[in-house]
Amino acid sequence: MAVLDAQCVQDFIQCAHNGWLQGWHERNGGNLSYRMKAEEAAELQGAFDESGEWTPLGVTAENLANEYFLVTGTNRYFQNIKQKPAENIGICKLNADGSAYKVVWGLTVGHKPTSEFATHVMNHSVRVKATNGTSRVISHAHPTDVIALTFILENSAKAWSQALWQAMTECVVIFPQGVGVIEWMVCGGPDIARASAQEMEKYAALIWAQHGLFCAGDDFDSTFGMMHAIVKAAEILIKVFSSGKPVLQSIEPEGLRDIAKAFNLPLDESLLEDWDSLALPLLPF
Ligand code: 13P
Ligand code: ZN
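Heads up: these notes are all about the structure in this document.

Side note on the overall build of the protein chain
Stage number 1. Of the regular secondary structure elements, the protein chain holds 11 helices and nine strands.
Stage number 2. Expected size for 285 residues packed as a compact globule is a radius of gyration near 19 Å; at 19 Å, the protein chain falls within 12% of this value.
Stage number 3. For the protein chain, the C-alpha atoms occupy an extent of roughly 65 × 35 × 30 Å along the three principal directions.
Stage number 4. Scored against the burial criterion, the 285 residues of the protein chain give a buried share of 54%.
Stage number 5. Nonlocal contacts in the protein chain, meaning residues at least 24 apart in sequence, comprise 72% of its contacts between residues at least 6 apart.
Stage number 6. Of the charged side chains in the protein chain, 20 are positive and 33 negative, and the gap between their average positions amounts to 3 Å.

Here it is as structure tokens:
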């Protein structure tokens, strides 16, 4: 089978394009990876060239040894993926101890996988453990309102989870375990990969202060959907904060507990401690 005919590759391309249409991927901003199922990789084996060299990742993910990943290229633009997929995306295989990769398909004309590949691999590694192996997609984007909020919300999982859950009802349904945050760091290397994975052991969504957002999920729809919900909630909060009006009411902890009960959700109660209600009068400047 030709790689571009595979359903998972088609879905990957469509997911990347949908992110572009949302405005989340200026220039080469953001990256996407998919941990292929064994049968998906086996079906495409004839189209792979495994003769290339191994490139060290700078991190090790033993539980992902020998796995294949669809991934966007570094300095590639999401806007071009649909038109020229083989130039802009590729398939990478991890080595037998999960410490290095080689490109086996795509990323033609000498392109390389995203500079955040170490973070993607580490995030896959911890999400696989957290979900008993069901997690497959990691998406990274630069949504404007999420980045804007990182200037005014404290860098803590509590502050972010509380604010987003209060912004709209669906948020606690979509991410009842909350979202993690890491403070600003240099991107594109093993240090931010390790810091991210430490948070993504607990959270399927992670904010990078003054940079963007990572989401993990079992498939493209649920991963994109979680990102979409967080971006929308961030937009609501920015609009509310920018209105200059005092917030009169928002969703309170009891409401969140009631939703969790009604929908049988694994709400992380610890994130409700030290509740910081949005419905406080704005402090005068
Ligand atoms: P890449 O072009 O290497 O994927 O980098 C984009 C990005 O968003 C860095 O965080
Ligand atoms: Zn980025």
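Observations regarding the site of ligand 1
Stage number 1. Looking at ligand 1, the residues that line it are Asn28, Gly29, Gly30, Asn31, Thr74, Asn75, Thr114, Ser115, Glu116, His140, His142 and His211.
Stage number 2. Asn31 places a side-chain nitrogen or oxygen 2.8 Å from an oxygen atom of ligand 1.
Stage number 3. The separation between an oxygen atom of ligand 1 and a polar side-chain atom of Ser115 is 2.6 Å.
Stage number 4. For the shell around ligand 1, a count of residues per class yields no nonpolar, 11 polar and one charged.

Topic: the packing of helix α7 (residues 157-167) against helix α10 (residues 220-242)
Geometrically, a packed helix pair is captured by the angle between its two axes and the distance between the axes.
Stage number 1. Running from amino to carboxyl end, α7 crosses α10 at an angle of 85°, the nearest separation of the two axes being 9 Å. Our classification of the angle between α7 and α10 gives roughly perpendicular. Across from Ala163, Leu164 and Ala167 in α7, the residues of α10 making contact are Ile230, Ala233, Ala234, Ile236 and Leu237.
Stage number 2. When its residues are assigned to classes, the contact of α7 with α10 shows eight nonpolar, no polar and no charged.

A look at the packing of aromatic side chains
Aromatic rings considered in pairs are described by the distance between their centres and by the relative angle of their planes.
Stage number 1. All told, the structure shown has seven aromatic pairs when counted by the stated rule.
Stage number 2. Seen from their ring centres, Phe12 and Phe220 are 6.1 Å apart, and the 85° between their planes marks the pair as edge-to-face. Of the two residues, Phe12 is situated in helix α1 (residues 7-22) and Phe220 in helix α10; the sequence distance between them amounts to 208 residues.
Stage number 3. Relative accessible area serves as the criterion here: at 0%, Phe12 is assigned to the buried category.
Stage number 4. Ring plane angle 80° and centroid distance 6.2 Å describe the contact between Phe69 and Phe117, whose orientation is recorded as edge-to-face. Taken together, the residues span a long stretch of sequence, with Phe69 in strand β3 (residues 68-72) and Phe117 in helix α5 (residues 117-130) at a distance of 48 residues.
Stage number 5. What makes Phe69 buried here is its relative accessible area of 0%.
Stage number 6. Residue classification places Phe117 among the buried residues on the basis of a relative accessible area of 3%.
Stage number 7. What links up through ring pairs into an aromatic cluster is the set Phe12, Tyr34 and Phe220.

Conventions and cut-offs
- Residues numbered from 1 in each chain as written.
- Chains lettered and ligands numbered in written order.
- Predicted model: local features only at pLDDT ≥ 70, side-chain atom pairs only at ≥ 80, totals over all residues.
- Heavy atoms only, no water.
- Helix = DSSP H or I, 4+ residues; strand = E, 2+ residues; numbered from the N terminus.
- Rg over C-alpha atoms; globule rule 2.2 N^0.38 Å.
- Buried < 20%, exposed > 50% of the residue type's maximum accessible area, 1.4 Å probe, protein only.
- Contact = heavy atoms within 4.5 Å.
- Lys, Arg positive; Asp, Glu negative; His and termini not counted.
- Charge placed at Lys NZ, Arg CZ, Asp CG, Glu CD.
- Near = heavy atom within 4 Å.
- Polar contact = N/O pair within 3.5 Å; in protein donor to acceptor, adjacent residues only side chain to side chain.
- Nonpolar A, V, L, I, M, F, W, Y, C, P; charged D, E, K, R; others polar.
- Axes fitted to C-alpha atoms, helices over the stretch in contact; angles between N-to-C directions.
- Parallel < 35°, antiparallel > 145°, perpendicular 65-115°, else oblique.
- Phe/Tyr/Trp six-rings, centres within 6.5 Å; stacked < 30°, edge-to-face > 60°.

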